[in-house]
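Overview (structure and organization)
Below are the chains, spelled out letter by letter.
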Amino acid sequence: MENFEEQLHTDLHQFLLSIKEVDERLPECPDVEDKWEAIAKAYIPDGIREFQDFPSASLGWMMYIGMAVAKMWDTEWEIYSKIEDLYVYMRDKRGYDAMDEYIREEVLSLQGADYIVLEKVTGECASRVYNALMHQRLEPGTKEAFEGYVACLRQLYLYGAAMQLRRMGYHMTKMD
């Protein structure tokens, strides 16, 4: 499974780099990364329930969550970092089905072309990850299938955060 997650990481990095959504060197943001586990635990029951009928949403929503947490980190982290369950906080604004719209409109303040572009990029990333997961031929309901799903979510969360950090002007460059 570690190899699978590394493949996801490489594929998403190459894709997002090719469309200039991330830099060669990904940002490091321990505050955002540290929220992953709590967000994943809260998200997984909803995500798994939605996965069979709406796999792209089940996966893609986690990318939006990563973006939202990065934005929160940049703006009001002293407030947001104290929220017990950031996932539930975001989900309950408009419900699970409209969480993508809530994050794009209210958290990221996107409209027009930017709103649509982000929807397309996130959809493509979710589709790539879903296809990679299906190619693993994991038996549904098994420990391996669950671990594969979680690996997908983790990479999407981290890349969502990386994209948003770049959009806000954070760039990791090699120091000479």
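As a reminder, the structure under discussion sits directly above these lines.
Predicted model, so just to flag it, every value in this text is computed and none were measured.

Definitions and cut-offs
All residue numbers refer to position in the chain's written sequence, counted from 1. The model is predicted, so local features are restricted to residues of pLDDT at least 70 and side-chain atom pairs to those at 80 or more, both for listing and for counting; the totals for chains, interfaces and linings are taken over all residues. With hydrogens and water excluded, all non-hydrogen atoms of the structure serve as input to the side-chain values. Centres within 6.5 Å make a pair out of two Phe, Tyr or Trp rings, where for Trp the six-membered ring is used; the pair is then stacked when the planes are under 30 degrees apart, edge-to-face when over 60, and tilted otherwise. The helix count covers DSSP runs of H or I at least four residues long, the strand count covers runs of E at least two residues long, and both are numbered beginning at the N terminus. The rule is simple: take the accessible area with a 1.4 Å probe, protein chains only, and divide by the maximum for that residue type; under 20% is buried, over 50% is exposed, in between is partly exposed. To get an axis, a line is fitted to the C-alpha atoms, and for a helix only the part in contact is used. The angle between two axes follows their N-to-C directions and goes from 0 to 180 degrees. The cut-offs work like this: below 35 degrees is roughly parallel, past 145 is roughly antiparallel, 65 to 115 is roughly perpendicular, and the gaps in between are oblique. Take the far helix as your reference; a near helix turned counterclockwise from it by less than a right angle gives a left-handed crossing, and one turned clockwise gives a right-handed crossing. Contacts are assigned to residue pairs that have any heavy atoms within 4.5 Å of one another. Note on residue categories: nonpolar means Ala, Val, Leu, Ile, Met, Phe, Trp, Tyr, Cys or Pro, charged means Asp, Glu, Lys or Arg, and polar means any other residue, Gly included. Here the nonpolar core consists of buried residues drawn from Ala, Val, Leu, Ile, Met, Phe, Trp, Tyr and Cys, with membership extended through side-chain atoms lying within 4.5 Å. Should a side-chain nitrogen of Lys or Arg be within 4 Å of a carboxyl oxygen of Asp or Glu, the pair is scored as a salt bridge. As used in this structure description, the phrase polar contact means that two N or O atoms lie within 3.5 Å; if the pair is within protein, one of them must be able to donate a hydrogen and the other to accept it, and residues adjacent in sequence are counted only when both atoms belong to side chains.

**Considering the packing of aromatic side chains**
According to the stated counting rule, one finds 9 aromatic pairs in the structure shown. When the centroid spacing of 5.3 Å and the interplanar angle of 75° are considered together, the rings of Phe51 and Tyr149 count as edge-to-face. In this pair, Phe51 is assigned in helix 3 (residues 36-51) and Tyr149 in helix 8 (residues 143-167), connecting sequence segments 98 residues apart. The class of Tyr149 is buried, set by a relative accessible area of 5%. Relative to Tyr89, the ring of Tyr80 lies with its centre 6.2 Å away and its plane at 65°, an arrangement referred to as edge-to-face. Ring pairs connect the aromatic residues Tyr43, Trp61, Tyr64, Tyr87 and Tyr96, which therefore count as one cluster.

**Points about the packing of helix 3 against helix 4 (residues 55-80)**
Between helix 3 and helix 4, whose axes approach to 9 Å, the crossing angle comes to 155°. Judged on the interaxial angle alone, helix 4 and helix 3 are roughly antiparallel. For the element pair helix 3 and helix 4, the recorded crossing hand is right-handed. Touching Trp36, Ile39, Ala40, Tyr43, Gly47, Glu50 and Phe51 of helix 3 are Pro55, Ala57, Ser58, Leu59, Trp61, Met62, Ile65 and Val69, all from helix 4. Of the residues that constitute the contact of helix 3 with helix 4, the class distribution is 12 nonpolar, 2 polar and 1 charged.

**What about the nonpolar core?**
Membership of the largest hydrophobic core comes to 58 residues, with the highest contact counts inside it found for Tyr43, Ile65, Met90 and Ile103. Put simply, the parts of the chain that give this core at least two residues each are helix 1 (2-18), helix 3, helix 4, helix 5 (86-94), helix 6 (99-107), helix 7 (112-135) and helix 8. Examining the composition of this core, we find that 14 residues originate from one element, helix 4, more than from any other. Setting aside its immediate chain neighbours within four residues, Met90 contacts Ile65, Ala68, Val69, Met72, Met99, Tyr102 and Ile103.

**Points about the pattern of salt bridges**
Here the structure, examined in full by the defined rule, presents 16 salt bridges. Between Glu37 and Lys41 there is a salt bridge, and its shortest N-O distance comes to 3.6 Å. Within this pair, Glu37 and its partner Lys41 are both found in helix 3, separated by 4 residues, close to a single helical turn. Taking the shortest distance from any N to any O, the salt bridge between Arg94 and Glu105 comes out at 2.8 Å. Within this pair, whereas Arg94 is found in helix 5, its partner Glu105 is found in helix 6, the two being separated by 11 residues in sequence. Judged by its relative accessible area of 32%, Glu105 is partly exposed. When salt bridges that share partners are traced, they join Asp46, Arg49, Glu50, Arg91 and Asp92 into one network.

**Points about the side chain of Arg104**
You can see Arg104 is positioned in helix 6. Exposure remark for Arg104: the relative accessible area of 1% places this residue in the buried category. Of the polar contacts made by the side chain of Arg104, one reaches the backbone oxygen of Tyr115; its length is 3.5 Å. Contacts of Arg104, omitting those with residues within four sequence positions, involve Tyr64, Ser109, Leu110, Tyr115, Leu118 and Glu119.

None of this, on its own, says anything about what the molecule does.
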